[in-house]
Amino acid sequence: MTVYGNFPGSRPRRLRTTPAMRRMVAETRLDPANLILPAFVREGITAPVAISAMPGVQQHTLDTLRKAAIDAVSAGVSGIMLFGVPADEKKDARGTAGTDPDGILQVGLRAVREEVGDDLVVMSDLCLDEYTDHGHCGVLTADGRVDNDATLERYAEMAQVQADAGAHVVGPSGMMDGQVGVVRDALDQTGHEDVSILAYTVKYSSAFYGPFREAVGSSLKGDRKTYQQDPANARESLRELALDLDEGADMVMVKPAGPYLDILAKVADSVDVPVAAYQISGEYAMIEAAAEKGWIDRDAAIMESLTGIRRAGAQMILTYWATEVAERLRRS
């Protein structure tokens, strides 16, 4: 072999030679504490209901929700984000089940807090879409548009009942203008100054939400493009970010995660508050479906996808694999 001087003078492969070497020089690390488990609790069921589009995920009874929370604590997961699934007959135009102190989400919040106390950060989705008979995230006008300001009044009520039920964190996710400020005022005026807000700062109108609609029994017809963000746009994310921070957001989120890593990186580089990203139902379903077909290595794909989200700047990742991955990390 002919050697030309010192070529190649630099050999990056030296730092990839063994698993121990690669682990030592890894720039990005996943930890159970980075993970938050989204969970669905459904009214009126006596056994958990499998979600066909999300293999391994289910709509919980109160008892299985309690167990899921215990398992998350044992695995080292930091938080649980609860979504309520009311009985169909409880849905109406104003989503009143969402502000009923005995509504399914509030019952679920109390159950989890009773079970795990402060050992898990208990979070609640603050939105009307699960509870409305039209499936939109707010109150509609006579001509069918979402009424931003009337919806904010409902969000203020939701914030109060969710905090009363024990939420450590509320996550206003409806993408109404001014929602963070209204929720902050509602919490402060009702003695819940210590309840944090995880702002759904960047929430795109995404095709990847499909399986989630089954998970929450959505009644939506049409789309949410008039209030969720356009996937073609990037700069408006930073505008939304500035507004949410000014209104009092304690933490901010990008949703979905995988298709918007560029946005996540921009947000993470722009703030000094914790940044979350939500690996949503469609992202989960794609990996599970491809793995079931034998097309990809399931476990490797899960870890790679989460590492990419972490590398882009997320300190917290909402993922349906949270408990499974946390257990795997603790064993490694």
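The paragraphs below set out a description of the structure included in this document. Since the structure is predicted, the reported quantities are computational estimates derived from the model, not experimental observations.

### Some details on a nonpolar patch on the surface
- On the surface, a nonpolar cluster with roughly 280 Å² of combined accessible area is contributed by L15, M24 and V25.
- In this structure, M24 sits in helix 1 (residues 19-25).

### Observations concerning the nonpolar core
- By size, the foremost hydrophobic cluster in this structure holds 97 residues, and its most contacted members are F40, I80, Y155 and Y278.
- For this core, the leading source of residues is strand 1 (residues 35-42), giving 6 residues.

### Looking at the pattern of salt bridges
- Counted under the stated rule, the structure contains 17 salt bridges.
- Residue R184 is joined to D250 by a salt bridge in which the shortest nitrogen-to-oxygen separation is 3.5 Å. With R184 in helix 5 (residues 179-189) and D250 in the loop between helix 7 (235-247) and strand 8 (251-255), the pair connects residues that are 66 residues apart, well separated along the chain.
- Overall, the relative accessible area of 10% leaves R184 in the buried class.
- Of the charged contacts, one joins E324 and R298 as a salt bridge, the two residues approaching to 2.8 Å between their closest N and O atoms. Taken as a pair, E324 in helix 11 (residues 322-331) and R298 in helix 10 (residues 298-311) lie far apart in primary sequence, 26 residues in all.
- Residue E324 is classed as partly exposed on the basis of its relative accessible area of 28%.

### Structural notes on the environment of S305
- Assignment of secondary structure puts S305 in helix 10.
- The sequence separation of S305 and E283 amounts to 22 residues, and the corresponding C-alpha distance is 9.1 Å.
- If sequence neighbours within four positions are ignored, S305 has contacts with Q279, I287 and W321.

### Here we look at the packing of helix 2 (residues 62-75) against helix 3 (residues 104-116)
- Their axes nearest at 9 Å, the elements helix 2 and helix 3 cross at an angle of 45°. In terms of axis orientation, helix 2 runs oblique to helix 3. Both helix 2 and helix 3 take part in a crossing whose hand is right-handed. Residues L62, L65, R66, A69, I70 and V73 of helix 2 lie in contact with helix 3, whose contacting residues are V107, G108, A111, V112, E114, E115 and V116.

### Regarding the side chain of S206
- Residue placement: S206 occurs in the loop between strand 7 (196-203) and helix 6 (210-215).
- Contacts of S206, omitting those with residues within four sequence positions, involve Q228, P256 and I280.

### Examining the environment of M253
- The residue M253 is located in strand 8 in this model.
- When its relative accessible area of 1% is taken as the criterion, M253 is described as buried.
- M253 sits 149 residues away from I104 along the chain, and the two C-alpha atoms are 25 Å apart.
- With near-sequence residues (within four places) excluded, M253 lies in contact with L198, A199, Y200, T201, V202, A276, A277, Y278 and L318.

Calculation notes
Residues numbered from 1 in each chain as written. Predicted model: local features only at pLDDT ≥ 70, side-chain atom pairs only at ≥ 80, totals over all residues. Heavy atoms only, no water. Patch = residues over 30% accessible without salt bridge, like charges linked within 9 Å, V, L, I, M, F, W, Y side chains within 5 Å. Areas by Shrake-Rupley, 256 points an atom, 1.4 Å probe, with all protein chains shown as cover. Salt bridge = Lys/Arg side-chain N within 4 Å of Asp/Glu carboxyl O. Helix = DSSP H or I, 4+ residues; strand = E, 2+ residues; numbered from the N terminus. Core = buried A, V, L, I, M, F, W, Y, C linked by side-chain atoms within 4.5 Å. Buried < 20%, exposed > 50% of the residue type's maximum accessible area, 1.4 Å probe, protein only. Contact = heavy atoms within 4.5 Å. Axes fitted to C-alpha atoms, helices over the stretch in contact; angles between N-to-C directions. Parallel < 35°, antiparallel > 145°, perpendicular 65-115°, else oblique. Left-handed = near helix turned anticlockwise from the far one by under 90°.

Read these as geometric descriptors, not functional statements.
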